[in-house]
Amino acid sequence: SGRGTLGGKHILVTAGPTHEPIDPVRYIANRSSGKQGFAIAGALAALGARVSLIAGPVTLVTPPGVTRVDVETAREMAAAVDAALPADAAVMVAAVADWRVEGTAEQKLKKAAGGIPALPLVENPDILATLGHGKRRPCLVIGFAAETENVIAHATDKLARKGADWIVANDVSGDVMGGDANTVHLVSADKVETWDHMPKNDVAARLAARIASALENMP
Ligand code: C5P
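In this text, all values refer to a predicted model and were calculated from it rather than measured experimentally.

A.B. asks: So what's going on with the pairing of strand β9 (residues 140-147)? Residues and values would help.
C.D. replies: Of all the eight residues making up β9, seven are buried; the element is thus mostly covered by neighbouring parts of the structure. As paired elements, β9 and strand β10 (residues 166-171) share six bridges and run parallel to each other. In the strand pairing of β10, Ala-146 is matched with Asn-170. A crossover connection joins β9 to the parallel β10 through helix α4 (residues 151-162); in handedness this β-α-β unit is right-handed.

A.B. asks: Got a sec to walk through unusual backbone geometry? Specific residues and values, please.
C.D. replies: Along the chain, Leu-85 connects to Pro-86 via a cis peptide bond; the corresponding omega equals 5°. Locating Pro-86 in the fold gives a position in the loop between α2 (74-84) and β6 (89-92).

A.B. asks: Please provide a residue-by-residue account of the UniProt feature "binding site: CTP" (unreviewed entry) in the protein chain, values included.
C.D. replies: The UniProt record annotates "binding site: CTP" (unreviewed entry) at Asp-98, Lys-108, Pro-125, Asp-126, Ile-127, Leu-128, Phe-144, Lys-158 and Lys-162. Spanning 65 residues, the annotated positions stay apart in the fold, the maximum distance between their C-alpha atoms being 37.8 Å. Topologically, Asp-98 is positioned in the loop between β6 and β7 (99-101). Those residues in contact with Asp-98 that lie beyond four places of it in its chain are Val-122, Glu-123 and Asn-124. For Lys-158, the location among the structural elements is in helix α4. Note on Lys-158: relative accessible area 13%, which makes it buried. The residues touching Lys-158, leaving out its near neighbours within four places in the chain, are Phe-144, Ala-145, Glu-147, Gly-163 and Ile-167.

A.B. asks: Could you give an account of the packing of helix α1 (residues 35-46) against helix α5 (residues 200-216), with specific residues and numbers?
C.D. replies: Axis separation between α1 and α5 bottoms out at 8 Å; the angle between their running directions is 45°. Judged by the inter-axis angle, α1 sits oblique to α5. As for how α1 packs across α5, the hand of that crossing is right-handed. Contact residues: α1 offers Lys-35, Gln-36, Ala-39, Ile-40, Ala-43 and Leu-44, while α5 offers Lys-200, Asn-201, Val-203, Ala-204, Ala-205, Leu-207, Ala-208 and Ile-211. Of the residues belonging to the contact of α1 with α5, the class tally is 10 nonpolar, two polar and two charged.

Rules behind the numbers
Residues numbered from 1 in each chain as written. Predicted model: local features only at pLDDT ≥ 70, side-chain atom pairs only at ≥ 80, totals over all residues. Heavy atoms only, no water. Buried < 20%, exposed > 50% of the residue type's maximum accessible area, 1.4 Å probe, protein only. Helix = DSSP H or I, 4+ residues; strand = E, 2+ residues; numbered from the N terminus. Pairing = 2+ DSSP bridges. Right-handed = clockwise from strand over helix to strand, strands pointing away. UniProt positions renumbered as here; feature names shortened; annotations may be inferred. Contact = heavy atoms within 4.5 Å. Axes fitted to C-alpha atoms, helices over the stretch in contact; angles between N-to-C directions. Parallel < 35°, antiparallel > 145°, perpendicular 65-115°, else oblique. Left-handed = near helix turned anticlockwise from the far one by under 90°. Nonpolar A, V, L, I, M, F, W, Y, C, P; charged D, E, K, R; others polar.

Here's what the structure looks like:
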């Protein structure tokens, strides 16, 4: 094993939004900046982990010591996660688009042609749930929950549904998305911890330390 409390561990992190194409020049996106996920990847690497960061389209610098794979769509992210396995832990921070446009247009949609286009949506794969319930499940699986209401109730639901050990829940009704600070709740099967409002880098360092101690107590 390497240096640091996470030496010899491989940890997978997803971060950022996904972009779901409508036609060659348009896409559906969300307000995720990728900052929290990148900070977590960096904090894990700083503790000695080998980190695979699967990143949606963001304009952030890769943290030192982190191996980054850039993807655009949810389906590309799912494939990149699969290709990065096995892992000792996974931290799924990405704000994956729930839906994609079915039958993406091969040419740019034009205004004149037949009125306003309909955009039929189909569901994207749930990357976290697939991993959490899958055969190659990492020992420790952590999901995020961005909510605007009933934050803890929704997170508790998500634990079982996604097959996660912990859900890091945050209230994104304020300026969390794109901002530099976060208030989070660490929700596990037997307890809920509310952390102080703190910089995303501090949330990352604290979560990385918790992951290190959890993995120490696992085979
Ligand atoms: O389902 P919801 O988006 O509320 O759950 C959020 C958690 O699930 C996050 O950890 C997110 O990265 C993950 N997720 C995923 N694939 C999806 C949707 C969400 O991995 N298609």
